[in-house]
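Notes for the structure review
Chain by chain, the residues:
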Amino acid sequence: AHPMLRSQRRDRSRIAERQESGRSVMNVVAKPELKFLDDVIRETIYRACLLLDDEKFMEWLALCAPDFSYRITTYSPEIRRPMTWYEQDVAGLKVMIEMLPKHNTDHGRLTRHVTVYAVDSDPARGEAKATSSFACYRTMLDGINSHIDSGETQLFLIGKYYDRFRLGEDGP
């Protein structure tokens, strides 16, 4: 047989051995406690998005640490620099949330679709980081042309979340 074919057969044989032994071919098998912790972090991210979708902003804010900082950033190719569009601490977010009922809006509903890409937990340091992508859709309920636009859903924005978690005895 050709040397390349022998090499491919050996590789397939090794993969089959790993699969039969229960070892992962592509994935690193995490310790059960880390896997559990990663799952709890994912659930926290998804729960946070559900709270935002339901406009339960104070409950969402309660998930955050007292020294939490919220930032919306982007990179501008025009000026070739990163830009910060919005930045607020917990106290500032609380004031903004309390003012929301006074704002004039089109009452469109936002829905977030989130995918958690990676969770990196470090229990020894008491922290974890997660990277997620999201697409946010807006469904029009009323507005200037409510007789035309009502019920229409459009892609509103896309982005990534870069979350940091403190790990305690009760989880993140």
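What you are looking at is a predicted structure, and each value in this text was computed from that prediction instead of being measured.

1. Considerations on the packing of aromatic side chains
Considering all chains together, one arrives at four aromatic pairs under this definition. On the basis of an interplanar angle of 65° and a centroid distance of 6.2 Å, the ring pair of Y70 and Y86 is categorised as edge-to-face. Remark: Y86 occurs in strand 2 (residues 81-89) and Y70 occurs in strand 1 (residues 69-76); sequence separation between them is 16 residues. Here the aromatic rings of F134 and Y161 are separated by 4.4 Å at their centres, their planes lie at 20°, and the arrangement is stacked. Separated by 27 residues along the polypeptide, F134 in strand 4 (residues 127-139) and Y161 in strand 5 (residues 153-166) bring together distant segments of the chain. The pair F134 / Y161 is uniform in exposure class, with both members buried. What links up through ring pairs into an aromatic cluster is the set W60, F68, Y70 and Y86.

2. Concerning the pairing of strand 3 (residues 109-122)
Put simply, side chains in a regular strand alternate between the two faces of the sheet. Pairing between strand 3 and strand 4: 13 bridges, direction antiparallel. Looking at the pairing, V114 lines up with F134 of strand 4. Taking the residues that link successive antiparallel strands as the turn, the strand 3-strand 4 hairpin has four residues, and the phi of G126 there is positive, at about 70°.

3. As for the state of the cysteines
Evaluation of the coordinates by the stated rule reveals zero disulfides. Considering cysteine sulfurs only, C136 is the nearest to C49, which forms no disulfide, with 9.1 Å between them.

4. Thoughts on the side chain of S133
Following the sequence through the fold, S133 ends up in strand 4. Of the residues examined, S133 reaches a relative accessible area of 16% and is grouped as buried. At 3.1 Å, the side chain of S133 and the side chain of Y117 are in polar contact. If we ignore the near neighbours within four places in the chain, the residues touching S133 are H113, V114, T115, Y117, G159 and K160.

5. Remarks on the sheet that holds strand 3
Within a sheet, adjacent strands bond to each other through the backbone by hydrogen bonds, running parallel or antiparallel. Across the sheet, three strands lie side by side as 3-4-5; this open sheet has antiparallel pairing. Edge strands, defined here as strands with exactly one partner in the open sheet, are strand 3 and strand 5. Sheet twist, expressed as the average angle between the axes of neighbouring strands with direction ignored, equals 15°. The sheet contact formed by strand 4 and strand 5 spans 13 bridges and is antiparallel. Across the sheet, the residue bridging to Y137 is L155, located in strand 5.

Conventions adopted
- Residues numbered from 1 in each chain as written.
- Predicted model: local features only at pLDDT ≥ 70, side-chain atom pairs only at ≥ 80, totals over all residues.
- Heavy atoms only, no water.
- Phe/Tyr/Trp six-rings, centres within 6.5 Å; stacked < 30°, edge-to-face > 60°.
- Helix = DSSP H or I, 4+ residues; strand = E, 2+ residues; numbered from the N terminus.
- Buried < 20%, exposed > 50% of the residue type's maximum accessible area, 1.4 Å probe, protein only.
- Pairing = 2+ DSSP bridges.
- Disulfide = S-S within 2.5 Å.
- Polar contact = N/O pair within 3.5 Å; in protein donor to acceptor, adjacent residues only side chain to side chain.
- Contact = heavy atoms within 4.5 Å.
- Axes fitted to C-alpha atoms, helices over the stretch in contact; angles between N-to-C directions.

By themselves these figures say nothing about function.
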